[in-house]
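Chain by chain, the residues run as shown.
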Amino acid sequence: VSRDSLADTAYAELRSAIAGGALAPDTQVVEASLAGMLNISRTPVREALRRCELEGYLKRGDGGRLLVHRPTAAEMRDLFYTRELLETYAVRLAAERISEEELVRLDELVAADRRAVKANAMDELASLNEQIHGLIVTASRNRTLDALMSGLPGRAYGLHTFAVGTNDDRARFVAQHEELVGLLRDGDADSAETLIRSHLGTARDLLLAGLAER
Amino acid sequence: MATEELDAIGPIDRPAPLAQQAYESIRHELMSGRWSPDERLTEHDVARRLSISRTPAREALRRLVLMGSLDSVPGGGYAQRTLTPRDVREHCDLRLLLEPEAAALAAARARPELDALLGTDDLRQPAADPAHDMRLHVAIAEASGNAVLAGLVRTLNERAAVHRLYRHGHDSRVGAQLEDGHLQIVAALRSRDPAAAFATMSEHLRLERELLLMEASTA
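1. Quick look at the overall build of chain B
Across its full length, chain B holds 10 helices and 3 strands. Starting at the N terminus and walking to the C terminus, you meet the elements of chain B as α-α-β-α-α-β-β-α-α-α-α-α-α. Looking at chain B as a whole, 48% of its 219 residues qualify as buried. For chain B, contacts bridging at least 24 residues in sequence account for 70% of all contacts bridging at least 6. Carbon and sulfur atoms make up 54% of the accessible area of chain B, which amounts to about 10,200 Å² in all.

So, in structure tokens, the structure goes:
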């Protein structure tokens, strides 16, 4: 396994632990113990930590200690405002440009989404959500947009939506994913845009309510 | 002693500015044209030339790959990416998507950042100067108060600077048009008029887009 892919794995694990709440805000993150936990050497862990810091999941406390960042309501609003701009643009393009292969792949992801919601599998839902939104951005055929989205700071906080929502909320997100795929198949850019706007708005409101409760 | 061992006995977490510095240095080298476009860069060379260790060098290089400024080359190393007309179009379209929104937000809120910006001498610099142009666009996005949005605008502008996209040998008429665009945007911000800020920024970026696409197709 290459060092780069180890660093990618460490980054993904760390980010999901932070966004999912397994690593609570203000917890100190220590390179050595994280390396032990993930059972990999420290160099890739260090890279993952730097990347998480760069993307705003970690911040520096007193004496340079690395702490899990506590997202604020303002940051969450900024994130979703920006995602709305990027993703409404992406679905409009995807409605014209998506390939049959990509639609079939989306069908599979949505089917997995339905199974995950029945099984109450939060991690699975979060991972599928990322894949579905990611594939739609890829289908926009704007590689620059794809690159911007994948490095979007704080993006992983969206994944936490599934944990703060109710069962009904989760079922609704999955139904919206399915509807969105149908609209892309029909090439209906206007309705797809309206739907993703409301989809993201619901996620944002749930996350903001979750923040207020903490 | 290897870095690994030093870390094992030293303070666990150290500040990360090295990678950021490495990124900035590499970006400046690319922007200045000191690295020729067909030169292959390796982690090792970059680390040596900037007198830094390899981990921050690698991290900075990977970030430039993510930004689309470098490609990793099969067999190791990195090469400067040549922007295709399609890349240029995507780039311009995204600036058109994000920057008018940011300008409208900046106009809508009375923030000290905006007042500071409007008070600077920067505004009297020629718009055809790419460094000035980038500073102004990034400063406006930052005055939007939305850090995520501003970060994207910064990334796009830095990317353009790395590729020296805006060195079009503007004739003076085009230069004057771009400068006029800046003045109109600034006037809209001064009068705290979000709709006008949106419209003037869009118009300015459409002109840039037209110029760049013309150049990309004739290059």
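What follows picks up the thread again.
2. Notes on helix H9 (residues 167–186) of chain A
One turn of an α-helix holds 3.6 residues; hence residues three or four places apart share an orientation. Residue and element names in this part refer to chain A. Over its 20 residues, H9 runs 29 Å from end to end, which matches the ideal 28 Å to within 8%, given 1.5 Å per residue. By the burial criterion, the buried members of H9 are Asp169, Arg170, Phe173, Val174, Gln176, His177, Leu180, Val181, Leu183 and Leu184. On its buried face, H9 is in contact with helix H4 (73–97), helix H5 (100–118), helix H6 (122–139), helix H8 (161–164) and helix H10 (189–213). Gly187 occupies a position one or two residues after H9 and carries a positive phi of about 70 degrees.

3. Details of the packing of aromatic side chains
All names here are of chain A. In the structure shown here, the tally under the stated rule is 1 aromatic pair over all chains. Relative to Tyr157, the ring of Tyr57 lies with its centre 5.4 Å away and its plane at 55 degrees, an arrangement referred to as tilted. On the criterion of sequence distance, the pair formed by Tyr57 in the loop between helix H3 (42–54) and strand E1 (58–60) and Tyr157 in the loop between helix H7 (143–150) and H8 is long-range, its members being 100 residues apart. For the pair shown, Tyr57 and Tyr157 are each scored as buried. The ring of Tyr11 carries the charged tip of Arg51 above its face, separated from the ring centre by 3.7 Å.

4. Considering the interface of chain A and chain B
Interfaces are often sized by the amount of accessible area the parts lose when they come together. The interface is formed by 36 residues belonging to chain A together with 38 residues belonging to chain B. Here chain A packs against chain B, burying approximately 3,300 Å² in sum over the two surfaces, 51% of which is carbon and sulfur. By the criterion of area lost to chain B, the three top residues of chain A are Arg50, Arg143 and Leu148 of chain A, representing 19% of everything that side buries. Put simply, chain A and chain B have 5 salt bridges between them.

5. Re the environment of Gly165 of chain A
All names here are of chain A. Structurally, the position occupied by Gly165 is in the loop between H8 and H9. Spatially, the C-alpha atoms of Gly165 and Val68 are 22 Å apart, while their sequence positions differ by 97 residues. Not counting residues within four places of it along the chain, the set of residues in contact with Gly165 comprises Arg170 and Leu206.

6. Some details on the sheet that holds strand E1 (residues 40–41) of chain B
Residue and element names in this part refer to chain B. As summarised here, the arrangement of the 3 strands in space is E1-E3-E2, forming an open sheet in which the pairing is antiparallel. Every other strand in the sheet has two partners, leaving E1 and strand E2 (70–72) as the edge strands with one partner each. Across 2 bridges, the pairing between E1 and strand E3 (residues 78–80) is antiparallel. Bridge pairing in E3 places Leu41 opposite Tyr78.

7. Points about unusual backbone geometry
A positive phi angle, near 55 degrees, is found at Asn39 of chain A, a position not held by glycine. Looking at the secondary structure, you find Asn39 of chain A in the loop between helix H2 (31–38) and H3. Judged by its relative accessible area of 67%, Asn39 of chain A falls in the exposed class. In the Ramachandran plot, Ser51 of chain B falls in the positive-phi region, its phi being about 50 degrees despite a non-glycine side chain.

Procedures and definitions
Each chain carries its own residue numbering, running from 1 in the direction its sequence is written. Each chain gets a letter, beginning with A, and each ligand a number, beginning with 1, in the order they are written. With the structure being a predicted model, the display of local features is reserved for residues of pLDDT at least 70 and the display and counting of side-chain atom pairs for 80 or more, all residues being used for whole-chain, interface and lining totals. Only heavy atoms go into the side-chain values, all of them from the structure, while hydrogens and water stay out. The numbering of helices and of strands both runs from the N terminus, where a helix is a DSSP run of H or I of at least 4 residues and a strand a run of E of at least 2. Note on exposure labels: buried denotes an accessible area under 20% of the residue type's maximum, exposed denotes more than 50%, and partly exposed covers the range between, all computed with a 1.4 Å probe on protein chains only. Two residues qualify as a contact provided that any one of their heavy atoms is within 4.5 Å of a heavy atom in the partner residue. Per-residue accessibility takes into account occlusion by the displayed protein chains alone, with areas from the Shrake-Rupley method and a 1.4 Å probe. What a helix should span is 1.5 Å times the count of its residues minus one. Aromatic rings from Phe, Tyr and Trp, taking only the six-membered ring of Trp, are treated as a pair when their centres fall within 6.5 Å; an angle between ring planes under 30 degrees marks them as stacked, one over 60 as edge-to-face, and anything in between as tilted. Only when the NZ of Lys or the CZ of Arg is both within 6 Å of the ring centre and within 35 degrees of the ring normal is a charge said to sit over the ring. Computed with a 1.4 Å rolling probe, the buried area is the accessible surface lost when two parts are put together, summed over both parts. Take a side-chain nitrogen of Lys or Arg and a carboxyl oxygen of Asp or Glu: if they are within 4 Å of each other, that pair is a salt bridge. In this analysis, strands are considered paired if DSSP registers two or more bridges between them.

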